[in-house]
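# Structural description and commentary
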Amino acid sequence: MQLQALSVVAPWGHYIAEGRKRVEVRSWRPGATPIRNLLIVENDRRLTEPGDTDPAGRAVAVVDVADVHSWRPDEAEAACSTWEPGWWAWTIEHVRPIAAPLPMLAARKLYRVDVDENVVSKHLNRADGEPYASPTAMTQNDADAVVLVPYDPNWPTMFMEMANSLRHRFGDTIDRIEHVGSTAIPGMSAKPVVDMLVAIQTFEQAKQLIVPALVGEGWDYWWRDDRPPGHMMLIKRDARTGVRTHHVHMAPLKQAALWQRVTFRDYLIAHPAEARRYEQLKRELVMCLAEDREAYTTGKGQYVRAATARAVQWAEATGRT
């Protein structure tokens, strides 16, 4: 059978499938509405040129588009985006998620695809919002809300004060300390949490000398095995409010992938347009995911991986490695 399809860049396709995103925003409008049984195909890059396609798409939901109208400011949250004039809002209804996303070509505009009737037809009459297991879902084990605030010129001072404290206390167990994350990018809005990357000699030594001392003062300790090969993460909170103030990531220098965060930081500082693009993505994600820190982090993943690859190439080309 054939269905009309619309490609949506990750992670927004899954957010449509999960019911988080109820308005899709486009610069163009279809010829007629409503559109019934529209296949949502998620892919990992924007298709900007005529005839541009991506063979690595995956069908994640079947939806109806009830109507298309000029995007209104009161629809920003439903679109998971900050409002701008001049765009069209596609109102999404009757969302039927596809439990196991299907490999599918992604293309520009509305296009038609051949699908296996036996596989897709069972989704066409499902109830709106019927639960399904998202393949990218993560267990929520930290309910701290995500809040973005304007850049605070005090963040570098907070980093230096903590870095000096750690060096003074733990001396030769620490080889290097870097300020990473959005609070290290001048002018960028961010979660008001200072991210620090600390080079340690060995995990064993740090677990014996550093972790007990900080945990004894109320820090949270977490072994991050969700990002192979894993690293130590310690979280400092404000003693009065319990709000996070510092994330301290620890690993030996030989874990090159983790230390690419420094290259990513330097790349954004040197490329303001790229930094603005990242900041806009964060603003859009927080519209839908403020209460789900892990989903917010996952939503940034595709962009961060691609931008980090560009950052590494830039560093090699400019002799910064």
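Residues numbered from 1 in each chain as written. Predicted model: local features only at pLDDT ≥ 70, side-chain atom pairs only at ≥ 80, totals over all residues. Heavy atoms only, no water.

## Observations concerning the pairing of strand β7 (residues 174-180)
Burial within β7 is extensive, with five of its seven residues counted as buried. One ladder, built from six bridges, connects β7 with strand β8 (residues 194-200); its direction is antiparallel. Opposite Arg176, over in β8, you have Ala199 as the bridge partner. (Buried < 20%, exposed > 50% of the residue type's maximum accessible area, 1.4 Å probe, protein only. Helix = DSSP H or I, 4+ residues; strand = E, 2+ residues; numbered from the N terminus. Pairing = 2+ DSSP bridges.)

## Some remarks on the packing of helix α7 (residues 256-270) against helix α9 (residues 293-317)
For the pair α7 and α9, interaxial distance at closest approach is 8 Å and the crossing angle is 80°. Viewed along their axes, α7 and α9 adopt a mutual orientation that is roughly perpendicular. Residues Gln260, Thr263, Phe264, Asp266, Tyr267, Leu268 and Ala270 of α7 form the contact with α9, whose own contacting residues are Tyr303, Val304, Ala307, Thr308, Arg310, Ala311, Val312, Trp314 and Ala315. Its residues placed into classes, the contact of α7 with α9 shows 11 nonpolar, three polar and two charged. (Axes fitted to C-alpha atoms, helices over the stretch in contact; angles between N-to-C directions. Parallel < 35°, antiparallel > 145°, perpendicular 65-115°, else oblique. Contact = heavy atoms within 4.5 Å. Nonpolar A, V, L, I, M, F, W, Y, C, P; charged D, E, K, R; others polar.)

## Observations concerning the sheet that holds strand β11 (residues 244-251)
In spatial order, the strands read β7-β8-β11-β10-β9; together these five strands make up an open sheet with mixed pairing. Looking at which strands have only one partner, the edges of the open sheet turn out to be β7 and β9 (220-224). The mean angle between the axes of side-by-side strands here comes to 20°, regardless of whether they run parallel or antiparallel. Sheet topology places β9 next to strand β10 (residues 231-237); five bridges connect them, and they run antiparallel. Bridge assignment links Trp223 to a residue of β10, and that residue is Met232. Of the strands in this sheet, β7, β8, β10 and β11 touch helix α4 (residues 155-170), which is tilted by about 170° from β7. α7 rests against β7, β8, β10 and β11 of the sheet, and its axis sits at about 45° to β7.

## Focus on the nonpolar core
Grouped together as the largest cluster of nonpolar side chains are 40 residues, with contacts concentrated most on Ile40, Val63 and Leu268. What Val63 contacts, discounting residues up to four positions off in sequence, is Ile16, Ile35, Arg36, Asn37, Leu38, Ile40, Ile92, Glu93, His94, Val95 and Arg96. Within the second largest apolar cluster, 31 residues are counted, among which are Met162, Ile177, Leu197 and Trp259. (Core = buried A, V, L, I, M, F, W, Y, C linked by side-chain atoms within 4.5 Å.)

## Here we look at the sheet that holds strand β2 (residues 23-26)
One open sheet accounts for six strands, arranged β2-β5-β4-β3-β1-β6; its pairing is mixed. Both outer strands of the open sheet, β2 and β6 (110-114), are each paired with one neighbouring strand and no more. Direction aside, the axes of adjacent strands within the sheet are offset by 50° on average. Here strand β4 (residues 53-70) pairs with strand β5 (residues 88-107) via 13 bridges, running antiparallel. Bridging from a neighbouring strand, Ala61 pairs with Pro97 of β5.

## Examining the layout of surface pockets
One number sums up the size of the second largest pocket: a volume of about 1,100 Å³. Taken together, 36 residues line the second largest pocket, and the ones lying closest to its centre are Val9, Trp12, Val25, Arg46 and Glu284. When contributions to the lining of the second largest pocket are tallied by element, the ones reaching two or more residues are β1 (2-9), β2, α8 (272-289) and α9. Looking at which element gives the most residues to the lining of the second largest pocket, the answer is α9, with five residues. Considered class by class, the residues forming the lining of the second largest pocket number 15 nonpolar, nine polar and 12 charged. (1 Å grid on protein atoms, 1.4 Å probe; cavity = no way out; pocket = protein on both sides within 12 Å on 5 of 7 lines; lining within 4 Å. Points joined across faces, edges and corners; volume = space filled by probe spheres on them.)

## Quick look at the pattern of salt bridges
In the structure shown here, the tally under the stated rule is 18 salt bridges. Residue Arg58 pairs with Glu42 through a salt bridge whose shortest N-O separation is 3.3 Å. With Arg58 in strand β4 and Glu42 in strand β3 (residues 35-43), this residue pair connects regions lying 16 residues apart in the sequence. Among the residues examined, Glu42 registers a relative accessible area of 3% and is labelled buried. With a closest N to O distance of 2.8 Å, Arg237 and Asp220 form a salt bridge. In this pair, Arg237 is assigned in strand β10 and Asp220 in strand β9, connecting sequence segments 17 residues apart. Classification of Arg237 as partly exposed rests on a relative accessible area of 25%. What makes Asp220 partly exposed here is its relative accessible area of 29%. (Salt bridge = Lys/Arg side-chain N within 4 Å of Asp/Glu carboxyl O.)

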